[in-house]
Amino acid sequence: HMKLFVSEGNPHCLKVLAVLKLTGVKCDVQHVNHEEKVVPHLSRPTLPALLLPSGMHLFSANSICRYLGEVSGQPSSDLNNQWLEWEASELQPAVAQALHLAVLQGKGSEASSALQGQLSYLEQSLCKKTTPFLTAEIVSVADVVLWAALYPILSDHGLVLGDQGKVQNWFERVGMLAACESAAQEVLQGKGLKSEALKAYMQKQPAPPHSQAQKRDNQPCNSPEVADGDRVMSEEEILSATVTWAKGLADRPMISDRQHPILPKEGKRNILVTSALPYVNNVPHLGNIIGCVLSADVYARYGRLRGWNVLYVCGTDEYGTATENKAREEGLTPQQICDKYHTVHASIYQWFQVDFDYFGRTTTEKQTQIAQNIFWRLHERGFLLEDTVEQLRCEMCQRFLADRFVEGTCPFCAYPEARGDQCDKCGKLINAVELQEPKCKVCNQTPVVRSSKHLFLDLPKLEAPLEQWLEKSMGSGDWTANAKQITRSWLRDGLKPRCITRDLKWGTPVPHPDFSDKVFYVWFDAPIGYLSITANYTDQWEKWWKNPEQVELYNFMAKDNVPFHSVVFPCSLLGAQDNYSLVNHLVATEYLNYEDTKFSKSRGVGVFGDMAKDTGIPSDVWRFYLLYLRPEGQDSAFSWADMAIKNNSELLNNLGNFINRAGMFVSKFFENCVPAMDLQPEDKRLLALVGWELKQYISLMDKVKIRDSLKCILNISRLGNQYIQVNEPWKKIKGGDTDRQRAGTVTGVSVNIACLLSVMLLPYMPTVCQTIREQLNAPPTVTATMLQGTGNFVCCLPAGHHIGVVSPLFQKLEADQIEDLKKRFGGQQVSTMVVRIYSTWPLIRPFPHQGEKVRALKGQKAEKAVIAVEVDKLLDLKKQLALAEGKNQEPDQTKGTKNTQHAPSPATTAQAVINKADPERAKELTLAVAEQVRWGAEAEN
Amino acid sequence: VSFGDEGCNLETGDQYNTTDLLDFRGCVYINVHFTFCPAQVPVLQRSNGPALSGLVTIATYLVREANRAELLGESAEHRAIVQQWLEYRVTKVDGCQKEDIKTILKDLNTYLEDKVYLAGNQFTLADTLMYYGIHHIIVDLAVQEKEKYVNVTRWFDHVQHYPGIRNHLPPVVVLKNRVYTGSHH
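An unreviewed UniProt entry annotates chain B as Eukaryotic translation elongation factor 1 epsilon-1 of Esox lucius. Here chain B is described in UniProt, under the heading Function (unreviewed entry), as follows: "Positive modulator of ATM response to DNA damage."

Looking at an unreviewed UniProt entry, one finds chain A named Methionine--tRNA ligase, cytoplasmic and attributed to Esox lucius. Here is the UniProt Catalytic activity (unreviewed entry) comment for chain A, exactly as written: "tRNA(Met) + L-methionine + ATP = L-methionyl-tRNA(Met) + AMP + diphosphate". The UniProt entry for chain A carries the following comment under Subcellular location (unreviewed entry): "Cytoplasm".

Okay, structure coming up:
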């Protein structure tokens, strides 16, 4: 049996009573007080409420009404759902506001204006309909719900609601139903706003949040036109777009070819672009590529199109322990390893069409010269400190041991396999020299404690000039939010001296005689690579790097590199006092994950640069998808299925489809010759819309919002597709003269939009753009004209222009093709990961679906054989879990992360705190000397 | 399901909402693009019918198109409970003020005391949309608060580990053992 609880004066109860009467569903009705708590799990009294036969409650009017409709044999249609949702989320807040004003504050006139937006939406929707009711010829639940919501206000004739005739008619039509009439009598005594019961009810309600109501009012985007994708363009905007269009191509010269060496020019915007130097010892994965080189490439290409004087340099970062280790692994010298992997990197970036002006490396003579020069300048100016550090040294291996290469007994809990930095058992941080019975992990010999003198960059002494510079740079430049935030958190914690030397062979030698057996620590050394790589490109490198007045420096990187570019390296350069160009715009991405996990070379998970080309998917499509996913503002995830969807829906169905159609119409219907265009208001409106997107594109690109501006391109082709679809030139071409002329105009405008797209798309998909241009035979001055200033969409292919041969630009990615790729790149590892994730919640049903499936089958009394198959699957899952847990010797990583924030002082310890989330990076960063790398505590999963 | 030449076209300004919808795309090809106005109501344009708007409406439609109607509930009563929580999500959770958060968590916690999922013992659309709607709240909870709303946390952890649900959202760490037990002494 069901029971409906209602209270007098509550307009929501009007809805349910009217629907109950309309549907005739059998149900007890109980009148209760407003304050009565009917639903046990809600802390506030909530009415109406429906007690279901199962003992559960429905506690909102719309859900109750929908249910009553369904049990009476009227399942809710999409349209009915849509109106109910609109009523609950859009109309209701406005109604609450209006009732509050009218009933409690006596401001009837303001009440009607609070409802204006919603009523005109309703009016417009009713105007488009041919049926007397909202969803059909007969009354539906949605009609009654909306009627009841508006009843108190619309039934009051004292309120003037403006020109809403359709709403008025519909409202009266619904109100005449006996069910509604009688419910209104029962709940509000048929009195509307003047009902005493309504007033009593309103007095018990909390005041509606004013800000919310205002927000909704000020949001024209919720109006139907804009929601449909049709931005409303003003007359001026349309006029100005038409004027721009008519200007045609400017007479300006085409963008000149690059002439090396590129040097800063007087009166030009001189942009120096760097991308974080990829570490040489490994093949870069997609996350590395999108975070650094590809993002920088898009911006550099865009800058060149804008006519700026751009220099884009990058190279491989080659010194460090990781290279030495890799060399040992592969039985080569470090130099041979660097030569080998430098080539690997260069060829991957070439395949991705990354257009460096120069791609160099850090193991060069120039690197030594410049790094040693900066070192001496810092030394002369008193910015270097000496300190002694105790470290473990393996005499057998002849080297100081990084923490991860030591194992021993934990001094706190006596666990025998504690690592050099942390005990896996008790989770405490350990100073490697305090380990009992330490062992070298490579040769198993006992290392000895040795004191070693090291040099530290005195960051505290440089803090004041750093902060002064940062304030200026962040204030005037485009720093991403994460770059600002990470930098501020470093400064907030206070800067500490940072070690710049290490006991290694493979590095830039420290020129100081007291430290002759040492090299520079990679993070002092590596950013100097930007300078030395430029110096290898041109002897006049100082025109870029010692010229802050003329040069704007853009650094691209993933967020883990931010502190080195915003704090450490600027301090080196500020301390050297040599008028260096410091970063103006620090552009950092978040992380790109692979499917649901992290890219990991050691686990073989993910797609690596060298494998991308083996997929058979063109470089341009890879670029498009990576840029579409660019982790701008938040982490994103690469997924094969999603890549196929984006390729098929955005590239094939949207962009490619539009460009191809536009071109095909010109060649098929007009013999390759752009037809005459006679612009109608509709065409001019389209020009304005496209022009608006172009301006957005430019303003976003100027701010390095690379992913967002890509959306503008796709919006334009979407507009184009809609335009073609509505105007149907393929039909009109078969019609009379007027129709044929219309087909010509639509085709001409479309092919001009296609030409604009070839300009906007160039930074993202260079090869496709070249193809489009050849197909359209686009004039060379197109780019300079369209991307001038804030953007100008001009008629660039005028009537009479001959286009080339048009052919499709993209291919469909088939489901089986994608399945294959998914299996090839880390299927096994991914499924293991999934099992491990479940193991973190062992108490509550580790395999929800499988367990559920088995239970359901048993419940349905399914065939034994069928159940047996599913039970086997469940047992297998459980076995995998046990296996995963058995193998899983790693402690809960989340426990340690808080502790790592407080590393002991550098003078007393050889503690390296590393980013646990990335073993490759960790390897590189782990040092046998005092280091404090404070990462934003990123717990792994 | 194929929608012909133009595909199916979804516009929204709200990233959370978009992600919600994508979970149910099944084999439906959908173009998602972000408009630059702060529109909060997603619109789905279809080539086989008029555009649909509203998060719950679109999600419900996509689930049906993907032949996953079981996610909407298996009886009229079950469907009503699912719709009830979907409505709760868009009316109470979305745009909730700071002072409402406690009430929402408290009520959900009481409700979930004897349930695995929002609509009983079966995973439904209500769980997914609620997960996305409440994620920003749960992320900000302190360990102590997570323990206070232990039923919500358990449900949340359950849902975030449900295959294919979490997508781009960061996982929220839930401790296995209680840290704060001492409200009694």
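Don't stop here, the text continues.
Participant: Is there a simple way to explain the confidence of the model for chain B in this structure?
Facilitator: Close reading of the predicted structure is inappropriate where its pLDDT is low. Residues and elements named next belong to chain B. Scored by pLDDT, chain B has a mean of 75; 72% of the residues are at 70 or more. The spread of mean pLDDT over the elements of chain B runs between strand S1 (residues 8-12), the lowest at 38, and helix H3 (residues 76-93), the highest at 94. In the predicted complex, the global pTM is 0.58; the interface-specific ipTM is 0.86.

Participant: Can you walk me through the packing of H3 of chain B against helix H4 (residues 98-111) of chain B in this structure?
Facilitator: What describes two packed helices is the angle between their axes and the distance between those same axes. All names here are of chain B. Contact geometry for H3 and H4: axes closest at 13 Å, N-to-C directions at 165°. Regarding the angle of H3 to H4, the classification is roughly antiparallel. Regarding H3 and H4, the two cross each other, and that crossing is left-handed. Where H3 abuts H4, its residues Ile81, Trp85, Tyr88, Lys92 and Val93 lie against Ile104, Asp107, Leu108 and Tyr111. Taken together, the residues of the contact of H3 with H4 sort by class into 7 nonpolar, no polar and 2 charged.

Participant: Just checking my understanding: could you explain the pairing of strand S5 (residues 270-275) of chain A for this structure?
Facilitator: In regular strands, side chains alternate between the two faces of the sheet. Residues and elements named next belong to chain A. Most of S5 sits out of view: 6 of its 6 residues are buried. Where burial is concerned, the two faces of S5 agree: the one with Asn270, Leu272 and Thr274 and the one with Ile271, Val273 and Ser275 are both buried. Across 5 bridges, the pairing between S5 and strand S6 (residues 309-316) is parallel. The residue of S6 that forms the bridge with Thr274 is Val313. The parallel pair S5 and S6, bridged by helix H12 (residues 286-305), forms a crossover whose chirality is right-handed. Sheet topology places S5 next to strand S17 (residues 551-558); 6 bridges connect them, and they run parallel. By the bridge assignment, Asn270 is partnered in S17 with Val551.

Calculation criteria
- Residues numbered from 1 in each chain as written.
- Chains lettered and ligands numbered in written order.
- Predicted model: local features only at pLDDT ≥ 70, side-chain atom pairs only at ≥ 80, totals over all residues.
- Heavy atoms only, no water.
- UniProt positions renumbered as here; feature names shortened; annotations may be inferred.
- pLDDT = per-residue confidence, 0-100.
- Helix = DSSP H or I, 4+ residues; strand = E, 2+ residues; numbered from the N terminus.
- Axes fitted to C-alpha atoms, helices over the stretch in contact; angles between N-to-C directions.
- Parallel < 35°, antiparallel > 145°, perpendicular 65-115°, else oblique.
- Left-handed = near helix turned anticlockwise from the far one by under 90°.
- Contact = heavy atoms within 4.5 Å.
- Nonpolar A, V, L, I, M, F, W, Y, C, P; charged D, E, K, R; others polar.
- Buried < 20%, exposed > 50% of the residue type's maximum accessible area, 1.4 Å probe, protein only.
- Pairing = 2+ DSSP bridges.
- Right-handed = clockwise from strand over helix to strand, strands pointing away.

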